[in-house]
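Given next are the chains, with one letter for each unit.
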Amino acid sequence: MAAQRYSEEFKRDAIGLVASTGRSVNSVAKDLGVNTESLRKWVRAAETEARGAGGEPMTPAEREELKRLRKQVRELELEKEILKKAAQYFAKEMSR
């Protein structure tokens, strides 16, 4: 039997059903026609992802801060690359 691929949206919805309804993984998997162990694996992965480095669940404020900090890191890396290129350009101009 070939392994069936499910979209990320489908997986999120299935995980959401388990979390929001309080139904068992077996029950939701049976209703959706998904292998029970696959759904259980998705749920565990989502729970692990929702936890911070210390194993504690992240609060919405922590998630927002993480998102903001990641954006800031991307911006700083871009600025660094621009400054590197500018320094190379001016070094080349000074040597003429």
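The rules we used
Residues numbered from 1 in each chain as written. Predicted model: local features only at pLDDT ≥ 70, side-chain atom pairs only at ≥ 80, totals over all residues. Heavy atoms only, no water. Helix = DSSP H or I, 4+ residues; strand = E, 2+ residues; numbered from the N terminus. Rg over C-alpha atoms; globule rule 2.2 N^0.38 Å. Phe/Tyr/Trp six-rings, centres within 6.5 Å; stacked < 30°, edge-to-face > 60°. Buried < 20%, exposed > 50% of the residue type's maximum accessible area, 1.4 Å probe, protein only.

A. Fine view of the overall build of the chain. The number of helices and strands found in the chain is 4 helices and 0 strands. Scanning the chain from its N terminus toward the C terminus, one meets helices and strands in the order α-α-α-α. A compact globule built from 96 residues would reach a C-alpha radius of gyration of about 12 Å, whereas the chain, at 23 Å, exceeds it by more than 25%. Over its C-alpha atoms, taken along the principal directions, the chain stretches across nearly 75 × 35 × 20 Å.

B. A look at the packing of aromatic side chains. What the rule picks out here adds up to 4 aromatic pairs. With centroids separated by 6.3 Å and ring planes inclined at 90 degrees, the aromatic side chains of phenylalanine 10 and tryptophan 42 adopt a geometry described as edge-to-face. With phenylalanine 10 in helix H1 (residues 8–21) and tryptophan 42 in helix H3 (residues 36–50), the pair connects residues that are 32 residues apart, well separated along the chain. The partly exposed category is assigned to phenylalanine 10, whose relative accessible area is 26%. With relative accessibility at 12%, the residue tryptophan 42 sits in the buried group. A connected cluster of aromatic rings, assembled from ring pairs, spans Tyr6, Phe10 and Trp42.

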